[in-house]
Amino acid sequence: MQIFDPSIFPVLFADGLTNGAVYALLALALVLVFSVTRVIFIPIGEFVVFGTLTLAALQSGKVPGTLGLLLVLLGVAAIMQAFGQFRAGQSSRGLTTLVGGAVIGAVLWFAIGALAPMKLPLLLQSLITLLLVAPLGPLIYRVVYQPLQNATVLVLLIASVALHMVLSGLALVFFGPEGSRTPPFLSGDLKLGQVTVSQQSLLVILASAMLMMGLFFFFERTMIGKALRATAVNRVGARLVGISPTASGTLTFLLAALIGGVSGMLIGPSVAMGYDSGFLIGLKGFIGAIIGGLVSFPLAAGGAVLVGLIESFASFSLSAWKEVIVFTLILPVLLWRSLITKHIPEDEE
Amino acid sequence: MFPGERMIRQAIATNPPRFTPRVLLGAGLALLVLALPLLLPLFKVTVMTNIMIFAIVAIGLVLLTGVVGLTSFGHAAFMGVGAYTTAVLTTHYHLSPWLGLPAGLLVTGLIAWFLGVVTLRMSGHYLPLATIAWGMSLFYTFGNTPALGGFTGLTDIPPVTVLGTALTSPRQYAYLSLLCLVVVMLLTAFLLQSRVGRALRALRGGPVVAEAFGVNNFRMKVEVFMISAMYASLAGWLYAHSQRFVNPTPFSVHEGINYLFMAVVGGINYILGAVFGAALITQLREWLQDLLPKLLHAQGSFEIIVFGILVILTLQFARRGLWPLIERFLPQDRLRILPQQSAFPERAKPAPGTPLLSVRSALKQFGGLKAVNDVSFDLNAGEILGLIGPNGAGKSTMFNLITGVNPATSGQITFAGQEIGKAGAGAIHRLGLARTFQHVHLLPDLTLLENTMLGGYARAKAGMVQSMLHLERAEEAALQHEALRQLERVGLAAQAFELAGNLALGQQRILEVARALVADPTLLLLDEPAAGLRYGEKQELSALLKRLRDEGVTILIVEHDMDLVMNLVDRLVVMNYGQKLAEGTPAEIRQNGAVREAYLGVDMTEDGAA
């Protein structure tokens, strides 16, 4: 086979590993969101798109469409929150929410309007990107999922799919139909023996690994991280010891949005990202997450890397059938999971 | 002999007339729809045909999502299988479209069977995720296969011919689509009104509940998924011969999501909701595709934003969809009681006093914890045996061992002369054991009568296909009559046609007893029947159970309420820390020092508590 040619194999392998690292980040976010909130977060891919397209807009000195999206969501969330507070008889709090929302919105509007045309250094632009993308997570949780907190996994899944449609439609409105790429954070290659790897690829793999380590420490060593893990293990129990499901949901979605945004900036230089690219990217993370049974972090990450590798090799030898191969892969995985899953009676609804 | 017979005669006598307001309304609407293809302008007729085709897919999703609680995003792909199968057979092989239809159904059925078998043993969310993935890969397969025309598709598909007439005009084709839609609606309605339909609904309550009545959860889920997919395949066949060409676009995952949206917005529990949703979303789409690009000064499918928001709002504010808001104003018909043709054979009951259930050295281990540790006891026919013990004593685990929910690690359990230690819940139920649940598991949207009929699931035989064709009416009549008899027996006959969800908790518990009795059990197992009941309700329950015992029913009751148990049972088994602490009559147990210690913490018999 040609893919085993020593001049081709390492290149494909590095490519697969690079994309696989990003899929692994997404798989981790998906497992996290599912285990804490029972939400199967189909729209994770949209956050990747927002990450890339926001950075791309800042690169060309334009105000990113994410700002519009953020302001719309901020407005809806503030109104919903204030409405709840008014109904609970806390009019002054409700008023604070509305005024606060308006002030934050206005500040963002002017700040981003002023900063965007300045063509700041790449690192600052990345920070602005995260500042714009990360809050989308908690806002979406507030607007879409928090009112559905007690719903079944099925209802939450349908809501996720609906949200995916809304977000990709809004991405078309705010970013337009053209695709964009972002510049690599590092240019230049690294020679390892006779194998050449781009420094950007190494950076992506390194950054993903570091982010995973960070998450690991967050969950193992910090109180908040432990609280999230407790919620994942037993929702009712966590509630009884004073962990609010709303707070853990909000935090989880913040993390998921952050991971999505970072992934978007990491993968941006290697993929031409359009408003509708998120679905495919997100689903590849999902295959990894499913390999981990939606609960195991290491299995999910490993599975996602495997998806990246298979995709890379498939795209070289059977490029038209790349997606077919990647998505059909899920069937043997599910069969395997079905065979190892013990039949446990559970009460639903 | 049977006080129920008068009740049955009365129920048949008060059956609704043939032509109720609801039937007349439906007939009027049907006439209107029949006239539409002749009255509407040609382009509207095409829209109408599309709506009917989409409605068929959405009805399949109602069956899958609303009734059973599973879902699929791959129904557009199943439609694609139906469409491409007929397209290939009619263009490449020049076969008749009437061969393309069964071929498409067959291929779809096989794929659905495979997907179902692979995913349905696991939690419910694996199926939808698998359908997304399979929908994606099928889409790219269509697009990349030259024999299927790639992304441009296949053209020159011949029209469907009926009695020598080729259906080339959209007006003619609308009637074919209407016929298919009506057939699908009837098949689905018949299915939902049958024994299998009630079992399908019971699947939502979790696997334990349906399994307790002898329903094979896994098989039932696979079958319903196959039927739902085959509806989509039929729709695909209609679509291919209506458009006369096929390409991958209408069969993508995003279109599959759209079908789910139709069902959710329309009303995920209602056949008419699916039709309503298909009409609403299709019309809205036409309208928004016109309006939004002008409004936003850009090209693109912006309508998905509106649909997505619509679905989220529906889930947040009207989770059952829009159709119930209309249904509320429509006249409702009472369930029709069928005349009896045959009765079920009755089980031979063991003579009172003979051993019925015997537990020998039962052991159940969860990791290092022995939840039930070497427990033995016997239960004789005709008695009420109480199983009591403090919290965590292992009563519920014992209950699960006997009912087959969770098999024992070791030991023997014999029921009606058969070893049941390793048998499943369904098999044990068929031997004559029926149970109630600690947390009431009823179908709140169905009448008391239908809920009670579920109890007789294992006595009847009709499968999915027979039910869809209403070939099981003799069995259905026998079930109805048996259910009415048992409702009369427990004193709920007057409310037989009311919804179970409207009952108070005490009555719901009694309804569960009636449901268990329809199975004609030799042993009735009650799991904490008095939990959460008021004093008066407990009195009623106690009186009912005594009456049943006097009529020869054997009862095993797990209960916390000492008053109730002591005044009801013939004998008691007391458990503590997974072990049997004592066994005897209520009077003996009252005097037992070990039992007092377990309940009160100190033994007060010796140091003279008085």
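It should be emphasised that the depicted structure is a prediction, and the values quoted were computed from it without experimental measurement.

Here we look at the sheet that holds strand β12 (residues 579–584) of chain B
Residues and elements named next belong to chain B.
Next up, step 1: What the six strands build is an open sheet, ordered β8-β9-β10-β5-β11-β12; its pairing is mixed. Of all strands in the sheet, those bounded by a partner on one side alone are β8 (433–435) and β12. With direction set aside, neighbouring strand axes in the sheet form an average angle of 20 degrees.
Next up, step 2: In this structure, β8 lies alongside strand β9 (residues 523–527), joined through three bridges in parallel fashion.

Looking at the interface of chain B and chain A
Next up, step 1: Each partner contributes to the interface: chain B provides 42 residues, whereas chain A provides 42 residues.
Next up, step 2: Put simply, the parts of the chain that give the side of chain B that touches chain A at least two residues each are α5 (97–119), α6 (126–144), α9 (207–212), α11 (253–267) and α13 (303–317) of chain B.

Points about the sheet that holds strand β3 (residues 355–366) of chain B
Residues and elements named next belong to chain B.
Next up, step 1: Ordered by their spatial adjacency, four strands build an open sheet running β4-β3-β6-β7, and the pairing between neighbours is antiparallel. The strands lining the two open edges of the sheet, one partner per strand, are β4 (369–380) and β7 (418–419).
Next up, step 2: Note: strand β6 (residues 410–415) against β7, two bridges, orientation antiparallel. Within β7, the residue paired with T414 across the bridge is E419.
Next up, step 3: Strands β3, β4 and β6 of the sheet are contacted by helix α15 (residues 395–403), whose axis makes an angle of about 60 degrees with β4.

Comments concerning unusual backbone geometry
All names here are of chain B.
Next up, step 1: Even without being glycine, S361 reaches a positive phi, approximately 45 degrees.
Next up, step 2: Inspection of the secondary structure assignment puts S361 in strand β3.
Next up, step 3: Classification of S361 by C-beta neighbours within 10 Å gives partly exposed; the count is 13.
Next up, step 4: Even without a glycine there, the phi angle at Y577 is positive, about 50 degrees.

Focus on the nonpolar core
Next up, step 1: With 298 residues, the main nonpolar core has B:A58 and B:A274 as its most contacted residues.
Next up, step 2: Apart from the residues lying within four places of it in its own chain, the contact partners of B:A274 are B:A55, B:A58, B:I59, B:L61, B:V62, B:M262, B:A263 and B:G266.

Section: the packing of helix α2 (residues 44–59) of chain A against helix α7 (residues 153–175) of chain A
Residues and elements named next belong to chain A.
Next up, step 1: One can describe the packing of α2 onto α7 by two numbers: an axis separation of 10 Å at closest approach and a directional angle of 15 degrees. Judged by the angle between their axes, α2 and α7 are roughly parallel. The crossing of α2 and α7 is left-handed. Listed contacts from α7 to E46, V49 and L53 of α2 are H164, L167, S168, A171 and F175.
Next up, step 2: Partitioned by chemical class, the residues of the contact of α2 with α7 number five nonpolar, two polar and one charged.

Focus on the pairing of strand β2 (residues 195–198) of chain A
All names here are of chain A.
Next up, step 1: The sheet contact formed by strand β1 (residues 189–192) and β2 spans four bridges and is antiparallel. Looking at β2, one finds that L192 is bridged to V195.
Next up, step 2: The turn linking β1 back onto β2 is made up of two residues, and G193 within it adopts a positive phi angle of 65 degrees.

Brief notes about the domain arrangement of chain B
One widely used convention gives an interface's size as the accessible area the parts lose upon coming together.
All names here are of chain B.
Next up, step 1: On domain assignment, one finds that chain B holds domain 1 (43–327) and domain 2 (355–600).
Next up, step 2: Averaged C-alpha coordinates put domain 1 and domain 2 at centres separated by 42 Å.
Next up, step 3: Opposite the 22 residues of domain 1 that make contact, domain 2 presents 28 residues.
Next up, step 4: Mapped by element, the contributors of at least two residues to the side of domain 1 that touches domain 2 are α7 (170–192), α8 (195–202), α9 and α10 (217–243).
Next up, step 5: With seven residues, the top contributor of residues to the side of domain 1 that touches domain 2 is α8.
Next up, step 6: Of the residues contributing to the side of domain 1 that touches domain 2, the split by class is twelve nonpolar, five polar and five charged.

With respect to the pairing of strand β10 (residues 554–558) of chain B
All names here are of chain B.
Next up, step 1: Counting buried positions over the five residues of β10 gives five, a clear majority of the element.
Next up, step 2: With burial as the criterion, each face of β10 is covered, one bearing T554, L556 and V558 and the other bearing I555 and I557.
Next up, step 3: One ladder, built from four bridges, connects strand β5 (residues 384–388) with β10; its direction is parallel. Across the sheet, the residue bridging to L385 is L556, located in β10.
Next up, step 4: Here β9 runs beside β10; their pairing, made up of five bridges, is parallel. The partner of L523 across the bridge, within β10, is T554.

Brief notes about helix α4 (residues 75–91) of chain B
Next up, step 1: Between its first and last C-alpha atoms α4(B) spans 24 Å; for 17 residues at 1.5 Å apiece the expected length is 24 Å, and the two agree.
Next up, step 2: Most of α4(B) sits inside the fold, with 15 of its 17 residues counted as buried.

Definitions and cut-offs
- Residues numbered from 1 in each chain as written.
- Chains lettered and ligands numbered in written order.
- Predicted model: local features only at pLDDT ≥ 70, side-chain atom pairs only at ≥ 80, totals over all residues.
- Pairing = 2+ DSSP bridges.
- Helix = DSSP H or I, 4+ residues; strand = E, 2+ residues; numbered from the N terminus.
- Axes fitted to C-alpha atoms, helices over the stretch in contact; angles between N-to-C directions.
- Contact = placed C-beta atoms within 7 Å.
- Buried ≥ 20, exposed ≤ 12 C-beta atoms within 10 Å, placed from the backbone.
- Core = buried A, V, L, I, M, F, W, Y, C linked by C-beta atoms within 7 Å.
- Parallel < 35°, antiparallel > 145°, perpendicular 65-115°, else oblique.
- Left-handed = near helix turned anticlockwise from the far one by under 90°.
- Nonpolar A, V, L, I, M, F, W, Y, C, P; charged D, E, K, R; others polar.
- Domains from an automatic or database assignment.
- Expected span 1.5 Å × (residues − 1).

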